Amino acid sequence: QLQNKILILTICAAGIGGTFQYGYNISIINAPASYIQTFMNTTWLERMGVPLESNVILLLWSFTVSAYPLGGLTGAVVAGPMAIMLGRKMSLLLNNVFVIIAATLSGFSRMAKSFEMIMLSRFFTGVNAGVSMNIQPMYLAESAPKKLRGAVALTSASFTALGLVLGQVVGLRELLGGEESWPFLLASNVVPALIQLTALPWFPESPRYLLIDRGDKESCISALQKLRGTSDLSAELEEMLAEQAAVKGQRAKNPWELFQNPALRWQLVSIVVLSSAMQLCGNDSMYFYAAYVFQEAGIPEDKIPYVVIGTGSCELITSVTCNMIIDYAGRRPLLLGGYIFMAGWAIVFMVALSQQTQISWMPYLSMACIFAYILSFGIGPAGVTGVLPTEVFDQMSRPAAYMICGSLLWFNLFLVGTAFPFIVKSLAHFCYIPFLVVCVCTALYVWFFLPETKGKSFLEISEEFRKRNFKTKTRAGYYKGPEEIKTTRL
């Protein structure tokens, strides 16, 4: 029981300063948007003696919003080298420096009369989120026992959803969302960082990293004993030693080496498809529509922020539910079900939007679609996507795989954020057609090409992908020598 507590506390210590920050920082920027734009205008007026035009204010605001995914992309790129050189735990601890810088900049921005400080602050916040989105699932999946690996790694998604909801709550006018308190709202992300800096040093480094990357068997056994207690560790240690032997003499791979390695072809295609789909499926755009749909449904404007909290709570409830069932249901059914349901709800949502003004009860159907779409996203794609790179890549390829995943995630977040207003303008009520296509194509890919990884060791998963990667060569009856040489690289 004590060891279960240590694993749970490790998850909490990693999560609160990790993916929690991603969700929290996405949602806290929404509440003070109008106040920050006013601050930009008054600051410019004081400096130059002339006010800014409305389109220039909008441009400056879009720069501020775009700084976050740009920072996230930077964080995703540096996360790989950090995880290799510093280790998983130390990387998470050091990552808090970015948030402390960001909180200082945004907290003092009004006092310094500088909106540029807010832009810079959002960039550093993004770097922090980019690093934690990559390293936290890796750290937790490597520290978890095989039978709980999916559930433990999936807590990253639960912390993201928790951050989203808490950000919406703290951003209410009654708390820190008022005109006077917005600098404190933007700087409040320093609190989770300080909690992590206090708590995480007490917990062990990833045992797999210690043994396979560092070659430190004693520290690995010590970390395993802390996490698992006195239970028999021989089977788990044997599995790790087998993986260490399989990658012996290799160094950690760079992202471009993954693209050149035929033994990693299907693993790479799988994470590229699923990481891209996670942002291109339109879930974040549902939040964009939420306020408009709720207004049409007759909810008073001052009550809308409270209803929007319900959308974030949906994602939190489903990600926690997904946590409980992932190691029973498996990865494929959750991904498949999530994307199929999202495709269905996208069709209903477009029909409901097109009939919004004609039929009196249509706004309520649109409202139901928003909640159902977010629930469908939370039950599978939101969490399972982050677990897969840990499971389908070996220890030497994993950091590079997360760099590719993270870069795609942030680039696509930026792409959707930039393109969505134009999609709405050109397709109007049928703006969800591109997202529908993405959901259907991803569901088909999962159905035909993605193997189940539930309850399998990392070596068993590698072996399954090896069969897929070299299937055509085996059928053609080629000489097997080169194939055997390639498999020693796994």
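- The protein goes by GTR11 protein in an unreviewed UniProt entry, where it is assigned to Sinosuthora webbiana.
- Recorded in UniProt for the protein, the comment headed Sequence similarities (unreviewed entry) runs: "Belongs to the major facilitator superfamily. Sugar transporter (TC 2.A.1.1) family."
- Quoted verbatim from the Subcellular location (unreviewed entry) field of UniProt, the annotation for the protein is "Membrane".

**Topic: the overall build of the protein**
In step 1: Regarding its fold elements, the protein presents 25 helices and 0 strands.
In step 2: Its C-alpha atoms give the protein a radius of gyration of 23 Å, within 12% of the compact-globule value 23 Å for 490 residues.
In step 3: Projecting the C-alpha coordinates of the protein onto the three principal axes gives extents of approximately 70 × 50 × 45 Å.
In step 4: Looking at the protein as a whole, 56% of its 490 residues are labelled buried.
In step 5: Carbon and sulfur atoms form 69% of the exposed surface of the protein, whose accessible area is close to 20,700 Å².
In step 6: Side chains of the protein give 36 positive and 31 negative charges; the mean places of these two sets differ by 7 Å.

**Observations regarding helix 8 (residues 149–170)**
In step 1: Under the 1.5 Å per step criterion, the end-to-end length of helix 8 is 32 Å for 22 residues, consistent within 8% with the ideal 32 Å.
In step 2: The largest bend in helix 8 is about 25°, located at Thr155.

**A few points about unusual backbone geometry**
For residues other than glycine, phi is negative in most cases, and the peptide bonds are mostly trans.
In step 1: For Lys113, which is not a glycine, the phi torsion comes out positive at approximately 55°.
In step 2: Structurally, Lys113 is set in the loop between helix 6 (109–112) and helix 7 (116–143).
In step 3: Its relative accessible area of 45% is what places Lys113 among the partly exposed residues.

**A word on the packing of helix 3 (residues 33–48) against helix 4 (residues 54–85)**
In step 1: Viewed as axis vectors pointing N to C, helix 3 and helix 4 meet at an angle of 120°, and their least axial separation amounts to 10 Å. Here helix 3 lies oblique to helix 4, going by the angle between them. In this structure, helix 3 meets helix 4 at a crossing whose hand is right-handed. Between helix 3 and helix 4, the residues in contact are Ala33, Ile36, Gln37, Met40 and Asn41 and Ile57, Leu60, Trp61 and Thr64, respectively.

**A look at the confidence of the model for the protein**
In step 1: Per-residue pLDDT for the protein has a mean of 86; in total, 95% of the residues score no lower than 70.
In step 2: Low pLDDT, under 50, characterises residues 473–490; the stretch is placed with 23 contacts to residues that sit more than four places away or in other chains.

**Points about the side chain of Ser158**
In step 1: Tracing the backbone shows Ser158 in helix 8.
In step 2: If we ignore the near neighbours within four places in the chain, the residues touching Ser158 are Leu316, Ser319, Val320 and Asn323.

**Side note on the domain arrangement of the protein**
In step 1: When the domains of the protein are assigned, the result is domain 1 (1–203) and domain 2 (257–471).
In step 2: When each unit is reduced to the centre of its C-alpha atoms, the spacing between domain 1 and domain 2 is 21 Å.
In step 3: Taken residue by residue, the interface counts 41 residues in domain 1 and 44 residues in domain 2.
In step 4: In total, about 3,300 Å² of surface goes out of reach between domain 1 and domain 2, with carbon and sulfur atoms giving 67% of it.
In step 5: Broken down residue by residue, the surface that domain 1 buries against domain 2 is led by Arg149, Leu154 and Gln168, which jointly contribute 18%.
In step 6: The tally of links between domain 1 and domain 2 comes to 2 salt bridges.
In step 7: The salt bridge partner of Glu142 is Arg398, with a shortest N-O separation of 2.8 Å.
In step 8: One can count 10 residue pairs in polar contact (both at pLDDT 80 or more) joining domain 1 with domain 2.
In step 9: Mapped onto the side of domain 1 that touches domain 2, the elements with two or more residues apiece are helix 4, helix 7 and helix 8.
In step 10: If you tally residues by element for the side of domain 1 that touches domain 2, the top one is helix 8, at 14 residues.
In step 11: Here the residues of the side of domain 1 that touches domain 2 are counted per class, giving 24 nonpolar, 10 polar and 7 charged.

**Quick word on the packing of aromatic side chains**
In step 1: For the structure on display, the rule yields 11 aromatic pairs.
In step 2: Centroid distance Tyr373 to Tyr432: 5.6 Å. Interplanar angle 85°. Geometry classified as edge-to-face. Taken together, the residues span a long stretch of sequence, with Tyr373 in helix 19 (residues 362–379) and Tyr432 in the loop between helix 21 (398–427) and helix 22 (433–449) at a distance of 59 residues.
In step 3: By relative accessible area, which is 0% here, Tyr373 ends up buried.
In step 4: By relative accessible area, Tyr432 is classed as buried at 0%.
In step 5: Ring geometry for Tyr445 versus Phe449: centroids 5.2 Å apart, planes at 40°, classification tilted.

**Observations concerning the pattern of salt bridges**
In step 1: Under the counting rule described, the total for this entry stands at 14 salt bridges.
In step 2: Arg251 is the salt-bridge partner of Glu257, the closest N and O atoms lying 2.7 Å from each other.
In step 3: Residues joined by salt bridges that share partners form a network here, namely Arg88, Glu142, Arg208, Glu239, Glu243 and Arg398.

**Some words on the environment of Gln395**
In step 1: Considering the arrangement of structural elements, one finds Gln395 in the loop between helix 20 (381–392) and helix 21.
In step 2: Overall, the relative accessible area of 0% leaves Gln395 in the buried class.
In step 3: For Gln395 and Asn283, which are 112 residues apart along the polypeptide, the C-alpha to C-alpha distance reads 31 Å.
In step 4: Side-chain polar atoms of Gln395 contact the side chain of Arg398, separated by 2.7 Å.

**A word on the nonpolar core**
In step 1: If you look at the biggest cluster of nonpolar residues, it comprises 73 residues, and the most contacted ones within it are Tyr339, Trp410 and Tyr432.
In step 2: Tallying contributions element by element places helix 21 first for this core, with 11 residues.
In step 3: Looking at which domains feed residues into this core, each of domain 1 (1–203) and domain 2 (257–471) supplies at least three.
In step 4: Among all residues touching Tyr339, those that are not within four sequence positions of it are Leu274, Ala277, Met278, Cys281, Pro381, Cys439, Thr442 and Ala443.
In step 5: Formed by 42 residues, the second largest nonpolar core is a distinct cluster that contains Tyr24, Ile28, Ile118 and Met119.

Definitions and limits used
Residues numbered from 1 in each chain as written. Predicted model: local features only at pLDDT ≥ 70, side-chain atom pairs only at ≥ 80, totals over all residues. Heavy atoms only, no water. UniProt positions renumbered as here; feature names shortened; annotations may be inferred. Helix = DSSP H or I, 4+ residues; strand = E, 2+ residues; numbered from the N terminus. Rg over C-alpha atoms; globule rule 2.2 N^0.38 Å. Buried < 20%, exposed > 50% of the residue type's maximum accessible area, 1.4 Å probe, protein only. Areas by Shrake-Rupley, 256 points an atom, 1.4 Å probe, with all protein chains shown as cover. Lys, Arg positive; Asp, Glu negative; His and termini not counted. Charge placed at Lys NZ, Arg CZ, Asp CG, Glu CD. Expected span 1.5 Å × (residues − 1). Bend = angle between axes of the 7 residues up to and from the residue. Axes fitted to C-alpha atoms, helices over the stretch in contact; angles between N-to-C directions. Parallel < 35°, antiparallel > 145°, perpendicular 65-115°, else oblique. Left-handed = near helix turned anticlockwise from the far one by under 90°. Contact = heavy atoms within 4.5 Å. pLDDT = per-residue confidence, 0-100. Domains from an automatic or database assignment. Buried area = accessible area lost by both parts, 1.4 Å probe. Salt bridge = Lys/Arg side-chain N within 4 Å of Asp/Glu carboxyl O. Polar contact = N/O pair within 3.5 Å; in protein donor to acceptor, adjacent residues only side chain to side chain. Nonpolar A, V, L, I, M, F, W, Y, C, P; charged D, E, K, R; others polar. Phe/Tyr/Trp six-rings, centres within 6.5 Å; stacked < 30°, edge-to-face > 60°. Core = buried A, V, L, I, M, F, W, Y, C linked by side-chain atoms within 4.5 Å.

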